[in-house]
Amino acid sequence: MAATTYERLKLHITPEKFYVEACDDGANDVLIIDRVSTEVTLSVKKDIPPSAVTRPIFGILGTIHLVAGNYLIVITKKKKIGEFFNHVIWKATDFDVLSYKKTMLHLTDIQLQDNKTFLAMINHVLTVDGFYFSTTYDLTHTLQRLSNTSPEFQEMSLLERADQRFVWNGHLLRELSAQPEVHRFALPVLHGFITMHSCSINGKYFDWILISRRSCFRAGVRYYVRGIDSEGHAANFVETEQIVHYNGSRASFVQTRGSIPLYWSQRPNLKYKPQPLINKVANHLDGFQRHFDSQVIIYGKQIIINLVNQKGSEKPLEQAFAAMVSSLANGMIRYIAFDFHKECKNMRWDRLSILLDQVAEMQDELSYFLVDSAGMVVSNQEGVFRSNCMDCLDRTNVIQSLLARRSLQAQLQRLGVLHVGQKLEEQDEFEKIYKNAWADNANACAKQYAGTGALKTDFTRTGKRTQLGLLMDGWNSLIRYYKNNFSDGFRQDSIDLFLGNYSVDELESHSPLSVPRDLKFLALPIIMVVAFSMCIICLLMAGDTWTETLAYVLFWAVASIGTFFIILYNGKDFVDAPRLVQKEKID
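This write-up is about the structure you can find in this document. (Residues numbered from 1 in each chain as written. Predicted model: local features only at pLDDT ≥ 70, side-chain atom pairs only at ≥ 80, totals over all residues. Heavy atoms only, no water.)

## Looking at the overall build of the protein
Helix and strand counts for the protein come out as 16 helices and 20 strands. Relative to its full complement of 587 residues, the protein shows a buried share of 54%. Sequence-distant contacts, at least 24 apart, represent 67% of the contacts inside the protein between residues at least 6 apart. Surface exposure of the protein reaches about 26,200 Å², of which carbon and sulfur atoms provide 56%. (Helix = DSSP H or I, 4+ residues; strand = E, 2+ residues; numbered from the N terminus. Buried < 20%, exposed > 50% of the residue type's maximum accessible area, 1.4 Å probe, protein only. Contact = heavy atoms within 4.5 Å. Areas by Shrake-Rupley, 256 points an atom, 1.4 Å probe, with all protein chains shown as cover.)

## Quick word on helix α7 (residues 315-328)
For the α-helix, the turn length of 3.6 residues means that residues three or four positions removed from each other point alike. Relative to the 20 Å expected for 14 residues at 1.5 Å per residue, α7 spans 20 Å between its end C-alpha atoms, a close match to the ideal helical length. Those residues of α7 that fall on the buried side of the exposure criterion are Leu317, Glu318, Ala320, Phe321, Met324, Val325 and Leu328. Along the axis of α7, the buried positions cluster into a sector of 165 degrees, meaning they face one direction only. Residues of α7 that are buried sit in contact with β14 (264-265), β15 (277-278), α6 (284-299), β16 (301-306), β17 (333-337) and β20 (383-388). Of the residues trailing α7, Ala329 is marked for its positive phi of about 50 degrees. (Expected span 1.5 Å × (residues − 1). Arc of directions from axis to C-beta.)

## A few points about the environment of Leu98
Relative to the helices and strands, Leu98 is located in strand β8 (residues 87-99). Residues Leu98 and Val74, 24 residues apart in the sequence, show an inter-C-alpha distance of 8.1 Å. When residues no more than four places from it in sequence are discounted, the contact partners of Leu98 are Leu11, Ile13, Phe18, Arg55, Asn70, Tyr71, Leu72 and Val74.

## Observations concerning the packing of helix α1 (residues 109-127) against helix α14 (residues 488-499)
Relative orientation of the contacting elements α1 and α14 amounts to 90 degrees, with a least axis distance of 8 Å. With respect to α14, the element α1 is oriented roughly perpendicular. Mapping the contact onto sequence places Thr117, Phe118, Ala120, Met121, Ile122, His124, Val125 and Leu126 in α1 and Phe490, Arg491, Asp493, Ser494, Ile495, Leu497 and Phe498 in α14. Residues belonging to the contact of α1 with α14 are distributed by class as follows: 10 nonpolar, three polar and two charged. (Axes fitted to C-alpha atoms, helices over the stretch in contact; angles between N-to-C directions. Parallel < 35°, antiparallel > 145°, perpendicular 65-115°, else oblique. Nonpolar A, V, L, I, M, F, W, Y, C, P; charged D, E, K, R; others polar.)

## Focus: the pattern of salt bridges
Evaluated as defined, the whole model comprises 25 salt bridges. Notably, a salt bridge pairs Lys435 with Glu431, separated by 3.6 Å at the nearest N-O pair. Taken as a pair, Lys435 and Glu431 lie in helix α11 (residues 428-449) at a separation of four residues, close to a single helical turn. For Glu431, a relative accessible area of 5% translates into the label buried. One connected set of salt bridges, linked through shared partners, spans Arg145, Asp163, Arg165, Arg213, Glu239 and Glu241. (Salt bridge = Lys/Arg side-chain N within 4 Å of Asp/Glu carboxyl O.)

## Considering the packing of aromatic side chains
If you walk through the whole model with that rule in mind, you get 17 aromatic pairs. When the ring of Phe84 is compared with that of Tyr137, the centres are 4.7 Å apart and the planes differ by 70 degrees; the resulting orientation is edge-to-face. Note that Phe84 is positioned in strand β7 (residues 69-84) and Tyr137 in the loop between β9 (131-133) and α2 (143-147), a separation of 53 residues in sequence. Measuring from ring centre to ring centre gives 6.4 Å for Tyr434 and Trp438, while their planes differ by 50 degrees; the resulting arrangement is tilted. (Phe/Tyr/Trp six-rings, centres within 6.5 Å; stacked < 30°, edge-to-face > 60°.)

## Remarks on the side chain of Thr14
With respect to the secondary-structure elements, Thr14 resides in the loop between β1 (9-13) and β2 (17-22). Thr14 sits in the buried class, given a relative accessible area of 7%. If near-sequence neighbours (up to four positions away) are discounted, Thr14 is found in contact with Tyr19, Arg35, Pro49 and Ala52.

## So, the packing of helix α9 (residues 352-366) against helix α10 (residues 394-415)
The interhelical angle for the contact between α9 and α10, taken along N-to-C directions, is 50 degrees, at an axis separation of 11 Å. The angle between the axes of α9 and α10 places the two elements in the oblique class. For the crossing formed where α9 meets α10, the hand is right-handed. Facing α9, whose interface residues are Leu352, Leu355, Leu356, Val359, Ala360, Gln363 and Asp364, α10 presents Val398, Ile399, Leu402, Leu403, Arg406 and Ser407. A breakdown of the residues in the contact of α9 with α10 according to their chemical character gives nine nonpolar, two polar and two charged. (Left-handed = near helix turned anticlockwise from the far one by under 90°.)

## What about the sheet that holds β1?
Pairing within the open sheet is antiparallel, and its five strands lie in the order β4-β3-β2-β1-β5. Both edges of this open sheet fall to β4 (40-44) and β5 (53-57), since each of them pairs with a single strand only. Each adjacent strand pair in this sheet contributes to an overall mean axis angle of 25 degrees, direction not counted. Across five bridges, β1 lies against β2 in antiparallel orientation. Pairing of Ile13 across the sheet is with Phe18, part of β2. (Pairing = 2+ DSSP bridges.)

## With respect to a nonpolar patch on the surface
Nonpolar side chains collect at one region of the surface, where Leu468, Leu471, Met472, Trp475 and Leu478 lie side by side and expose about 580 Å² of accessible area between them. Within the element layout of this structure, Leu478 appears in helix α13 (residues 467-486). (Patch = residues over 30% accessible without salt bridge, like charges linked within 9 Å, V, L, I, M, F, W, Y side chains within 5 Å.)

Quick look at the structure:
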């Protein structure tokens, strides 16, 4: 079977069946989905009834079971990102969720409401920017992994050969994946960021590509998914690959990021920065070893760059991380702690050169992947930098962009694009492309995990910290605070439902969505708002004597402030917490 999926599709809909017609040249296949029995079969075009309602689609994302029954999710709009070694890369920009059922009359009012909520969750995930696919190229693997494959691997379908860590619709495709004969309709979709640019330096044209692949294992939102799970999967794990294509030669440099690989949590509780808590009873070394065993197998040597603060609430995590590396005593793992905020305080971001100088020799040892125009492998990358801060977003992206530039400098010199002694930083036109792409990468990763654009992108875009950048960071921090406390429970539930961490069972006697709120959750905010409003009204409608007015103002002020502190003290009861996720997934 060729490693391609059908590119041009038509969806024909009848009351009984969905017919997905392959419209590629010479294709005669039709995927038939029975809307009653849910059976999936392969047929030919002559079986499509002329009475069917027809529309073009650009891929099948998969199917999901909700309270009302099964739903088919299809891609209805796409945008071309560019061409990758003559393979077109697309971004999916719009989707449709189609019910198998023709009516909802079989549902109770509660089931109808639950089904509506579950649909809203699925649609929420689909509105988060960053779903990419190719019908002819395997986006889930790095160039180096693809170069080291067997002939049998090359003949596998895109779904079979994909790195399952990065197939975000893997759960949705489970029915199609069980039937190899329909795999050409099964489209693996990546979540993350891809940008491609045709660039020129010294009159020499090359393609520069940046790909971030977000893992679907232990996926979630900022404060509800931290650390690792029992399998060793780290929260917010992202593999970022930078690729250069010049005169048939291809070079690649890969880095990873991921949450500190310990059992720890940081639940929202209305405080600006909740206290991180390290699990005191878990076997940290076991999970830690599972994480790095898999990382070493996949990537080789691990150079950990831990950017968290070495004082305050982040200090125990840094100390525990260092102690765990020491306990593991694995020669393939090296640990470097760099207190980003301390070293760069007072906007002294030039001091990042201290870290780059410290790891320069290690980076040279890791090298990068390079294959020449004849297809011969010239060099392999022997390991990766695994960077992290608390969120693995802002500080991490800054450091990754600097390490990637250093690798790119060496690659372009070796390929003959840069002259000896030329610096990449001096190439103004390319530098603008490079910095903006890495800033866009930061924003994409941040929106997917924290709900807002990244912080510190003014440095990534311009090479310096600015007052406007500080103001934008303040605004984004405010939005993060609101989302993390008041909407992330829904976002976490949406991701868990989409990825199959939670499965809907319409026969459940008790719906997890119907958990009643504590009365104080509703009453105390109302009391606070009323008290504060009365305080203002008393000031505006002052009586004859200021003594009387002041008494009323003080009464309502004390009531509003007191209520506020009661809410703050019971902060965890007022945040939007997940209702579907299993407890062990967020402990």
